[in-house]
Amino acid sequence: MKVLKRYANRRLYDPETSKTITLEDVAEMIIAGEEIKVIDNMSGQDITPKILGQTFLKVSLGQRNEEFSNYMLSALIRETGKNISALFGRLVLGGIGLAYLTKEKMDRILQSMVALGELRLEEVKSYREDLLTHLAQRASENSEQIQEDLKKVGRELEEGGEKELAVEDLSEKIRKIAERVKETESL
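Criteria and cut-off values
- Residues numbered from 1 in each chain as written.
- Predicted model: local features only at pLDDT ≥ 70, side-chain atom pairs only at ≥ 80, totals over all residues.
- Heavy atoms only, no water.
- Helix = DSSP H or I, 4+ residues; strand = E, 2+ residues; numbered from the N terminus.
- Buried < 20%, exposed > 50% of the residue type's maximum accessible area, 1.4 Å probe, protein only.
- Contact = heavy atoms within 4.5 Å.
- Areas by Shrake-Rupley, 256 points an atom, 1.4 Å probe, with all protein chains shown as cover.
- Phe/Tyr/Trp six-rings, centres within 6.5 Å; stacked < 30°, edge-to-face > 60°.
- Pairing = 2+ DSSP bridges.
- Axes fitted to C-alpha atoms, helices over the stretch in contact; angles between N-to-C directions.
- Polar contact = N/O pair within 3.5 Å; in protein donor to acceptor, adjacent residues only side chain to side chain.

- The protein chain is annotated in an unreviewed UniProt entry as Putative polyhydroxyalkanoate synthesis repressor PhaR from Leptospira johnsonii.

Comments concerning the overall build of the protein chain
Then step 1. Across its full length, the protein chain holds seven helices and four strands.
Then step 2. Each helix and strand of the protein chain, placed in order from N terminus to C terminus, yields the pattern β-β-β-α-β-α-α-α-α-α-α.
Then step 3. Residues classed as buried in the protein chain amount to 25% of the 187 residues present.
Then step 4. Sequence separation of 24 or more characterises 52% of the internal contacts of the protein chain that already satisfy a separation of 6 or more.
Then step 5. Per element, the accessible surface of the protein chain, about 13,100 Å² overall, is 53% carbon and sulfur.

Some details on the packing of aromatic side chains
Then step 1. The final tally for this structure, using the stated rule, is one aromatic pair.
Then step 2. Between Tyr 7 and Tyr 13 the ring centres are 5.7 Å apart and the planes differ by 80°, which places this aromatic pair in the edge-to-face class.
Then step 3. On the basis of relative accessible area, Tyr 7 is assigned to the partly exposed category, the value being 31%.
Then step 4. Judged by relative accessible area, Tyr 13 falls into the partly exposed class, the value being 23%.

A look at the pairing of strand β4 (residues 36-40)
Then step 1. Of all five residues in β4, four are buried; the element is thus mostly enclosed.
Then step 2. The sheet contact formed by strand β1 (residues 2-6) and β4 spans five bridges and is parallel. Paired with Arg 6 across the two strands is Asp 40, which belongs to β4.

Concerning the pairing of β1
Working note: regular strand, side chains alternate between the two faces of the sheet.
Then step 1. Alternating positions in β1 separate cleanly, Lys 2, Leu 4 and Arg 6 being buried on one face and Val 3 and Lys 5 remaining unburied on the opposite face.
Then step 2. Where β1 and strand β2 (residues 12-14) come together, two bridges link them in antiparallel fashion. Across the sheet, the residue bridging to Arg 6 is Leu 12, located in β2.
Then step 3. The loop that links β1 with its antiparallel partner β2 comprises five residues; one of these, Arg 10, has a positive phi angle of about 70°.

Topic: the sheet that holds strand β3 (residues 19-21)
Then step 1. Ordered by their spatial adjacency, four strands build an open sheet running β3-β2-β1-β4, and the pairing between neighbours is mixed. Lying at the two open borders of the sheet, with one neighbouring strand each, are β3 and β4. Here the average twist between neighbouring strands, direction ignored, is 40°.
Then step 2. The strands touched by helix α1 (residues 23-31) are β1, β2, β3 and β4; relative to β3, the strand with the most contacts, the crossing angle is about 85°.

Remarks on helix α4 (residues 84-93)
Then step 1. Along α4, the residues classified as buried are Ser 85, Leu 87, Phe 88, Gly 89 and Val 92.
Then step 2. Backbone geometry just downstream of α4 places Gly 95 in the positive-phi region, at approximately 85°.

Remarks on the environment of Pro 49
Then step 1. Within the secondary structure, Pro 49 sits in helix α2 (residues 48-62).
Then step 2. On the basis of relative accessible area, Pro 49 is assigned to the exposed category, the value being 62%.
Then step 3. Measuring from C-alpha to C-alpha, the distance between Pro 49 and Val 38 comes to 8.5 Å, with 11 residues separating the pair along the chain.

So, unusual backbone geometry
Glycine aside, residues mostly have negative phi, and peptide bonds are mostly found in the trans state.
Then step 1. The residue Ser 18 is not glycine, and still its phi comes out positive at about 55°.
Then step 2. Locating Ser 18 in the fold gives a position in the loop between β2 and β3.

Some thoughts on the side chain of Lys 2
Then step 1. Tracing the sequence through the fold places Lys 2 in strand β1.
Then step 2. Of note is the side chain of Lys 2, whose polar atom sits 3.0 Å from the side chain of Asp 14.
Then step 3. Sequence-distant contacts of Lys 2, defined by excluding residues within four places in its chain, comprise Asp 14, Glu 16, Met 29, Glu 34, Glu 35, Ile 36 and Lys 37.

Shown next as structure tokens:
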């Protein structure tokens, strides 16, 4: 985990590289899979959520998609005001951030849900098992679909003498299969 510091002048600093960094740099670290923690240098307080929020706004507004930014932030505010454990389950099952969700991180998230009263301690085990069962089912469904798609492409290639198959059409089908394989691997 990369620890960053924020100084009184509101600048972010990477102690490892001894350089000032921007929110765009933070976004690049996160996109690259880096976990970050931001500490306020004066108070010693963890301000990671605040910096992540600012980073999201900077990056999404930088793409000039204000409608998406407004929709996403409004939806998150609405959902977090309700049931965080349900939102977490939907995010995971939707594949959002799944490639970076480790067992340790999941355990920390579940522990914080218990501490906040979102989940009872006796529910943690069944909640985790249900989530993992749904993920396994989704991976199995994706795997079966990939096998069917590969068989279909194989049949079309075999029939190539009778039916002329455009290279672009085949390329598109193979690209879609590759995307499903990638999704399945992240589950």
